[in-house]
Amino acid sequence: MKMITAIIKPFKLDDVRQAVADVGIQGITVTEVKGFGRQRGHTELYRGAEYVVDFLPKAKIELAVDDAVLEQVIEAIANSARTGKIGDGKIFVTELTEAIRIRTGETGSEAV
Amino acid sequence: MEETTQIAAQVTELAYALDTFYFLVMGALVMWMAAGFTMLEAGLVRAKNTAEILTKNVGLYSIACIMYMLCGYTIMYPGDASNLFLQFGDGLLGRGDNAAADVIASGGDTYYSGLSDFFFQVVFVATAMSIVSGAVAERMKLWSFFAFAVVLTAFIYPIQGFWNWGGGFLSESFGYFDFAGSGTVHLCGAAAALAGVIVLGARKGKYGSKGEINAIPGCNLPLATLGTLILWLGWFGFNGGSELKVSDVAEANAVSLVFVNTNMAAAGGLVFALILSRFWFGKADLTMALNGALAGLVSITADPLSPSPIVATSIGAVGGLIVVASIVAFDKIRIDDPVGAISVHGTAGIWGVLAVLFTNSDATFMGQFVGVISIFAWAFLVSLIVWFALKAIMGIRVSEEDEYEGVDLSECGLEAYPEFTSAE
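Attention in this report is confined to the structure presented alongside it. (Residues numbered from 1 in each chain as written. Chains lettered and ligands numbered in written order. Predicted model: local features only at pLDDT ≥ 70, side-chain atom pairs only at ≥ 80, totals over all residues.)

A word on the overall build of chain B
- When its secondary structure is counted, chain B shows 16 helices and zero strands.
- For 424 residues, the compact-globule formula gives about 22 Å, and the C-alpha radius of gyration of chain B, at 22 Å, lands near that figure.
- A sequence separation of at least 24 residues applies to 79% of the contacts in chain B between residues at least 6 apart. (Helix = DSSP H or I, 4+ residues; strand = E, 2+ residues; numbered from the N terminus. Rg over C-alpha atoms; globule rule 2.2 N^0.38 Å. Contact = placed C-beta atoms within 7 Å.)

Structure (structure tokens):
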């Protein structure tokens, strides 16, 4: 099992949710986050004076998947979140040692 | 014959009643401008300073009313008083209003209640004082501000108001023309504010050591927008009421023109400030558009009766352009005015006084020029002295720590939004 953590542009969240649902994913966790990458922040003007927005708003989605569908899910996220412009975000994959469904007590791939 | 006289008397009384009614309703509209200033300022400061700016605004309005009754009105309109000092307190107001027989005997020359005049004037002085509160926002001690409010509304404003409207040298010797107070009200308030900001200094973090100018965005733009629209509404009373009379065809038409021109100038100011900020800064800065509408209103206030509506729109539009440039320029010289009050009321106020020259042949350059110089010099210099005195006696600035935590807590001991705010 793997844990996928993706940082995406907030306006792409609905597209990503649809795309992973289409490949059979049944649940994701979403958090509103702020941060910067190579895109860095950007400057805005307020009443003629500049101010720097260091941390841009992003959406962080987390989903646990079975190894069998990993590639498919990554592709779905990447394709649906991509705009081709700087700031599209990143996908991280980490090893997941266990998953337990609290209601039934199922574990492993049964539970994701 | 008897019957004709009776009807004539009744008509005179009715006209008196109508004009008084008009005066009072217009005054009530101007009173509502206090709400406009309050919301505008509450929107353009940071959340941690909101409760304090609200307190300042309701406080200054009430102080202005009391001080103007105690002595301001008497100083500004001494009339034919044989002994000025006998009229302090509410002496002038308490001696009774016009008697019906006198009104009829005047044949229409006495056409509104004396108290309605006081009411209309008292809300003007509050407007002048409101200008100061925005400019010194977020770092001034509450009680020093109130102390200044006492001096401005009791003496600084009434004395120069007398020069224009009370029969003083500006109107009598120089022919200074200022219909509803681009100079007398707005420039006066802005000059006092400028002096205050100079003595007070900028908000911490506004200007960096390497010359950078940092933006400190306001916390609630819906409130700022609501405040601007309330001021826009109140201005119909400010300018419309300054016609003083509505009860015949000529006056009713004049009042209508004043309403239309006031509205058009605001529209012109908003559109052109918005366009300029779009081309200058790359985006449509709402706060500049709001300031533009107010600058348009200030610009037309010196004479909303002479221009045609399209000329009024243009006067307002120029005001809108001037205010954006003025706000940026004041920032360059490190005059920190969080809401742009000095630019809206001062710079656009000067433009408004001078713009009278284009539309009103009765106005002279000399008159308008002397008006601007004397009002500014008086209000600025006396205010400067008062601010320095207050600084020496009680201090005018909160401590650096209190400023960081927000003056809501240090001055009022409460927060405007207790469940949401953090220090920044």
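That was the structure; now back to the text.
Thoughts on the overall build of chain A
- The number of helices and strands found in chain A is two helices and six strands.
- In terms of C-alpha radius of gyration, chain A reaches 17 Å, well past the compact-globule figure of 13 Å for 112 residues.
- Counting only C-alpha atoms, chain A reaches 60 × 25 × 20 Å along its principal axes.
- Looking at the 112 residues of chain A, the share that counts as buried comes to 15%.
- Nonlocal contacts in chain A, meaning residues at least 24 apart in sequence, comprise 72% of its contacts between residues at least 6 apart. (Buried ≥ 20, exposed ≤ 12 C-beta atoms within 10 Å, placed from the backbone.)

Things to note about the sheet that holds strand β1 (residues 2-8) of chain A
Residue and element names in this part refer to chain A.
- In spatial order, the strands read β2-β5-β1-β6; together these four strands make up an open sheet with antiparallel pairing. For this open sheet the edge positions go to β2 (29-35) and β6 (89-95), each flanked by a neighbour on one side alone. Neighbour-to-neighbour, the strand axes of this sheet turn through a mean angle of 20°, independent of strand direction.
- Here β2 pairs with strand β5 (residues 56-65) via seven bridges, running antiparallel. Bridging from a neighbouring strand, K34 pairs with P57 of β5.
- Sheet contacts for helix α1 (residues 13-22): β1, β2 and β5; angle to β5, the most-contacted strand, approximately 10°.
- The strands that helix α2 (residues 70-81) touches are β1, β5 and β6; relative to β1, the one it contacts most, it runs at about 5°. (Pairing = 2+ DSSP bridges. Axes fitted to C-alpha atoms, helices over the stretch in contact; angles between N-to-C directions.)

Remarks on the nonpolar core
- One finds B:A64, B:A191, B:A193 and B:A273 to be the most contacted residues of the largest nonpolar core, which totals 128 residues.
- The contacts of B:A193, once residues within four sequence positions are left out, are B:I131, B:V132, B:A135, B:V136, B:A341 and B:I342.
- Counting residues in hydrophobic clusters, the runner-up holds 14 residues, among them A:I4, A:V16, A:V73 and A:A81. (Core = buried A, V, L, I, M, F, W, Y, C linked by C-beta atoms within 7 Å.)

All we've got here are geometric facts, nothing functional implied.
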